[in-house]
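Residue strings, one per chain:
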Amino acid sequence: MSATRFSESVTGSIKDSVLVVTIDNPPVNAISADVRQGLIAALDHAAAHGMVAGVVITGAGRTFVGGADIKEFGKPPVGPTLPEVIDRIESFSKPVIAAINGAALGGGCEIALACHGRIAGEKAAFGMPEVKLGIVPGAGGTQRLPRLIGPVAAIDLIGSGRTIRAEEALALGLVDGVSEDPATAAALIRAMAAAPLRRTGMIAVPVADPLAVEAAAKKVLAKARGQAAPAEAVRLVRLAGDVDLKSGLADERATFIRLRDSQEAAALRHVFFAERSAGKADKLEGIAPRKIETVGIVGTGLMGTGIAVATLIAGCRVIGVEQTADAAVKGRERIAATLDKSVQSGRLSAAVRDACLARLEVAADANALAAADLVIEAVFDDLTVKTELFQRLDGIVRPDAILATNTSYLDPDLIAAATARPDRVVGLHFFSPANIMRLVEVVDCKATARDVLASALAFAKRLGKLAVVCGVTEGFIGNRIYSAYRSEAEYMVEDGAQPEQVDAALEAYGFPMGIFTVNDMAGLEIAWARRKRQAATRDPGARYVEIADRLCEAGRFGRKTGKGWYDYSTGDKVVDPEVTALIAAARAARGIAPRNFSREEIVGRLLKAMADEGKALLAEGIAASAGDIDLVMINGYGFPAHKGGPMFVAETVGKAA
Ligand code: 3HC
């Protein structure tokens, strides 16, 4: 066996006449210029050496190839391009086999597709996540995948960007076999020696039922929310059946380059990198998180149940605590029912649910929390209730246990100060339903110890959550921006915009729901109670719109009462003339002559209100980065990811909506 280095990140060794080429470009073997150059050099080597019967391409570490190097996007291109490398692989005179040891994503999957055979290891995964970055595959994915697995499955995979495991890839015909044995790929090479090579690009696209193709396309487009990439991806897959490979590849590449340079793709790249840097506070460098295996959850209402479910699914033991035996039984039932629902919807297997239930205990006695590494309170959002609870817990939990509050609006510093050990108190602000929503604001309180913060972050990540660190302020990052955004929406309504116009403008921009519809869903009474509490301290000079108060005074608390900003009494959301009249009366009382608002003005003002509040949060040191703020708004408040978040919009497109 002899080893050769083809570039910094590509090496090869010959074993039994097979050149095994390994891509080693940590952390995810992204296809940098160095990798591309190394692959070409490896193929040159294989071509030049008669003793080499074929080539196996594999990846070092956990990943096969994580895709094109996203960091290269926007920089001057360095040859060879990925399509050139891929063309060389496909047209190579000797067999080239991909031994897929881990994730083969985007360009990584395209390399595998161009090989003459594919063997998946048990940890292999396949996906074309390009649409999630606002682009389409740019190195043959849309043309080769349908040739291997048919247009219906290709539209589903490329249009959704979802990742599949080895088993599904085998069933679809994406791989030729599943094996952990390195000899399998070499054996495939020997088996191929006699027969003509199976070049994916030369295979005819299998004919599919046009109705099935249409249905797959429709499903992708229904989720696109106005983004360009999914529709282009579907178009290109369909094109593969109509034109020759060369024309299909040329169209794909041109589309890839056009989309790669678009605002949408820049926004999604911003989100990608913001997600990777979220929760990586410099000050936590080198600080080891504490071990968290047993988690206490006080309160098993809607929020506590969601937190318990997420924690159980992550493999922790959960001790729920309620005030009475009856409430504990009901709490356990709620948690079990939520787990059951996940089984019914296919998100969870019955076996995992059973294992979760075996790790769950719900007690009527807080002393059960003595075993907990972390206790999260999810009780009524009232300062006295929470401080009394934390004082009590202080005397029950171990000295090294962490206490977390899930408060949305209270000051966690006050809750911490009521305990003997404020350094072990941290905020974990989950969003409801906590087992579904990805965002968690991890609140770094005045006295929170560094390893407590690091532990809370590690715990949130273990739950599969996107953790964003935030300082103490009323409403933290998300609700503070939401408040500013809501006020701005109400100013416009008082000045002449109708709530349904504001909602329509937001929905056209890409929000799944407008703000007034969201408020009706959440219920108007909590914000009303807060406004009443704040009345005494409110700046009398500040603008205050009373319309929402009038709605609440009329018993219109939103969807659950059948009426709010809209009327739901028929089951559908409809504009209510009573609300229109109430708004007109409120304007008249202030002497405001209503004026027209365009969609652009509505969206522009709302985006500006969010970005201005975001800038204030940065200036106050509450948020660590603009990216963190964007992530909160995208993952907690429906801001369309393909617009990048309010801070990204403010930085890149100014006031344009
Ligand atoms: N290019 C450059 N850097 C990348 C990258 C890529 N394709 N994928 C991941 N990284 C970086 C991350 O930014 C992160 O960097 P950091 O440590 O400096 O923050 C590091 O790799 C580790 O990433 P994760 O934290 O995400 O690691 P995980 O182990 O959790 O996940 C992964 C690994 C599943 C590969 C995940 O990183 C991922 O999904 N990556 C993106 C995959 C993708 O979108 N590929 C398509 C690219 S576009 C393309 O291929 C176009 C082609 O068609 C021409």
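Structural data are supplied above this passage.
Throughout this description, residue numbers start from 1 for each chain and increase along the sequence as written. In keeping with the model being predicted, local features are shown solely for residues with a pLDDT of at least 70 and side-chain atom pairs are shown and tallied solely at 80 or more, while totals for entire chains, interfaces and linings include all residues. Hydrogens and water molecules were not included; the side-chain quantities draw on all heavy atoms of the structure.

## A closer look at a positive patch on the surface
As a reminder, the rule being used: Residues enter patches when their relative accessible area tops 30% and they take part in no salt bridge; the joining distance is 9 Å for like charges and 5 Å for the nonpolar side chains Val, Leu, Ile, Met, Phe, Trp and Tyr. Note on areas: Shrake-Rupley, 1.4 Å probe, and residue coverage restricted to the protein chains presented here. When a carboxyl oxygen of Asp or Glu lies within 4 Å of a side-chain nitrogen of Lys or Arg, that pair is called a salt bridge. Positive charges come from Lys and Arg, negative ones from Asp and Glu, while His and the chain ends are left out of the count. Charged groups are reduced to one reference atom each: NZ for lysine, CZ for arginine, CG for aspartic acid, CD for glutamic acid. Numbering goes from the N terminus for both helices and strands, where a helix is a DSSP run of H or I of at least four residues and a strand is a run of E of at least two.
A cluster of basic residues, K71, K75, K280 and K461, forms a positive patch on the protein surface. Position of K75 among the secondary structure elements: in the loop between β5 (63-65) and α2 (82-90).

## Here we look at the pattern of salt bridges
Across all of its chains, the model carries 44 salt bridges by this definition. The partner of R235 in a salt bridge is D251, and the shortest N-O contact between them spans 3.0 Å. Of the two residues, R235 sits in helix α9 (residues 228-240) while D251 sits in helix α10 (residues 245-260), which places them 16 residues apart along the sequence. Ionic pairing is found between D354 and R353, a salt bridge with its closest N-O pair at 3.1 Å. Salt bridges sharing common partners tie together E494, D495, R543, E546, R550, E553 and R590.

## Brief notes about the packing of helix α1 (residues 33-48) against α2
To be explicit about the condition: In this description, a line fitted to the C-alpha atoms serves as the axis of each element, helices being fitted only across the stretch in contact, and the angle between N-to-C directions of two axes falls anywhere from 0 to 180 degrees. To sort the angles, those under 35 degrees are grouped as roughly parallel, those over 145 as roughly antiparallel, those from 65 to 115 as roughly perpendicular, and the leftovers as oblique. Crossing handedness is defined as follows: a turn of the near helix away from the far one that is anticlockwise and smaller than a right angle gives a left-handed crossing, while the clockwise case is right-handed. Every residue pair with non-hydrogen atoms within 4.5 Å of one another is taken to be in contact. Under the scheme applied, nonpolar residues are Ala, Val, Leu, Ile, Met, Phe, Trp, Tyr, Cys and Pro; charged residues are Asp, Glu, Lys and Arg; polar residues are all the others, including Gly.
Interaxial distance between α1 and α2 falls to 10 Å at its minimum, and their mutual angle equals 20°. Taken together, the axes of α1 and α2 lie roughly parallel to each other. The hand of the α1/α2 crossing is left-handed. Contacts from R36, L39, I40, L43, D44 and A47 in α1 reach L82, V85, R88 and I89 in α2. Taken together, the residues of the contact of α1 with α2 break down into 7 nonpolar, no polar and 3 charged.

## With respect to helix α5 (residues 151-160)
Short version of the rule: Remark: exposure states derive from per-residue accessible area (1.4 Å probe, protein chains only) relative to the maximum for the residue type, with buried under 20%, exposed over 50%, and partly exposed in between.
A large share of α5 lies buried, amounting to 7 of its 10 residues. Within the span of α5, buried status applies to P151, A153, A154, I155, L157, I158 and G159. Next to the buried residues of α5 lie α4 (141-149), β10 (163-165), α6 (166-172), α8 (210-222) and α9. Within two residues after α5, G161 carries a phi angle of roughly 75°, on the positive side.

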